[in-house]
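The lines below spell out each chain.
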Amino acid sequence: MGPRQISGTSYSLNTGGGGARSLIFCCTVDFEEPLADRLIGTMPAKLLLREGPNRTRSLGMLLEVMAAEMAEESVGSATIMARLADAAISIIVRDWARDSDDHRRGWLAALRDRGLGPALLGIHTRPGENWSLARLARTAAMSRSTFAERFSHVLGVSPARYVLEFRMREAKRLLLDPSLTIPAIAARLGMLPKPLSAVPQADHRKPSWAT
């Protein structure tokens with residue numbers, strides 16, 4: 001098979017050798033979740049999975065079912081293959097995350113952390129709530145200073161910055177839904193500006209020195 005261009009890189013496949021028969025699955029994966037950028041950013045350029053005692057057996061079973069669907073080419077096989085591919089990719093990423101060597105810093109390390117993990121879960125599942133430093137620290141069962149220091153050390157950004165960036169990623173995803181207006185998205189993510197009427201009257205007055 002001649003070379004093919006994939007993302008600017010040339011690949012070639014030589015067939016007809018005398019080795020064991022191999023079945024190759026090729027696919028592309030699009031992530032819609034706002035956390036995908038962080039996940040992909042922590043993954044290596046190439047990921048090699050080998051058989052072993054810690055490997056999930058269901059992955060091999062899924063690949064066998066996919067091979068059977070490809071051979072049959074029955075009605076609905078394409079839909080079934082797409083769902084099986086989703087499951088296979090999820091298992092691959094999960095196993096890689098479980099076996100990753102980086103347990104001290106980074107996004108995965110924060111998710112594994114007994115204190116930071118619950119705080120991140122709250123941000124990810126309820127981004128529109130008021131995630132102040134005090135509330136995040138309570139969720140993590142830490143003092144505010146300890147939480148802020150540990151969060152910044154492990155993730156490389158402040159808690160406030162992380163919340164803002166996550167909300168912006170989620171807003172980008174929600175903007176693809178034509179049924180949602182920008183104010184509705186902002187309200188869902190807790191990003192609405194404070195109404196002018198909510199500002200104390202004294203704040204509207206011109207200071208005496210500004211005459």
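Each value, and the rule that gives it
Residues numbered from 1 in each chain as written. Predicted model: local features only at pLDDT ≥ 70, side-chain atom pairs only at ≥ 80, totals over all residues. Heavy atoms only, no water. Core = buried A, V, L, I, M, F, W, Y, C linked by side-chain atoms within 4.5 Å. Buried < 20%, exposed > 50% of the residue type's maximum accessible area, 1.4 Å probe, protein only. Helix = DSSP H or I, 4+ residues; strand = E, 2+ residues; numbered from the N terminus. Domains from an automatic or database assignment. Patch = residues over 30% accessible without salt bridge, like charges linked within 9 Å, V, L, I, M, F, W, Y side chains within 5 Å. Areas by Shrake-Rupley, 256 points an atom, 1.4 Å probe, with all protein chains shown as cover. Salt bridge = Lys/Arg side-chain N within 4 Å of Asp/Glu carboxyl O. Axes fitted to C-alpha atoms, helices over the stretch in contact; angles between N-to-C directions. Parallel < 35°, antiparallel > 145°, perpendicular 65-115°, else oblique. Left-handed = near helix turned anticlockwise from the far one by under 90°. Contact = heavy atoms within 4.5 Å. Nonpolar A, V, L, I, M, F, W, Y, C, P; charged D, E, K, R; others polar.

Asker: With reference to specific residues and values, describe the nonpolar core.
Answerer: Of all hydrophobic cores here, the largest spans 23 residues; its most connected members are I123, L136, F147, F151, L155 and Y162. For this core, the elements supplying multiple residues, two or more each, are helix 3 (77-99), helix 4 (107-112), helix 5 (116-125), helix 6 (133-139), helix 7 (144-155) and helix 8 (159-174). Two domains each provide a minimum of three residues to this core, namely domain 1 (4-8 + 23-99) and domain 2 (107-193). In this structure, L59, M66, L84 and A85 belong to the second largest nonpolar core, which totals eight residues.

Asker: Before we move on, can you summarise a nonpolar patch on the surface with the specific residues and values?
Answerer: On the surface, a nonpolar cluster with roughly 240 Å² of combined accessible area is contributed by V29, F31 and I40. Looking at the element boundaries, V29 is found in the loop between strand 2 (9-11) and helix 1 (36-42). On the basis of relative accessibility, which here comes to 35%, the residue V29 falls in the partly exposed class.

Asker: Could you give an account of the packing of helix 2 (residues 57-72) against helix 3, naming the residues involved and the relevant values?
Answerer: Contact pair helix 2 / helix 3: the axes reach a minimum separation of 10 Å and the direction vectors enclose 160°. One element, helix 2, and the other, helix 3, form an angle in the roughly antiparallel class. At the point where helix 2 passes helix 3, the crossing takes the left-handed sense. For the pair formed by helix 2 and helix 3, the contact residues are S58, L59, L62, V65, M66, E69 and M70 on the first element and S77, I80, M81, L84, A85, A87, A88, I91 and I92 on the second. Partitioned by chemical class, the residues of the contact of helix 2 with helix 3 number 13 nonpolar, two polar and one charged.

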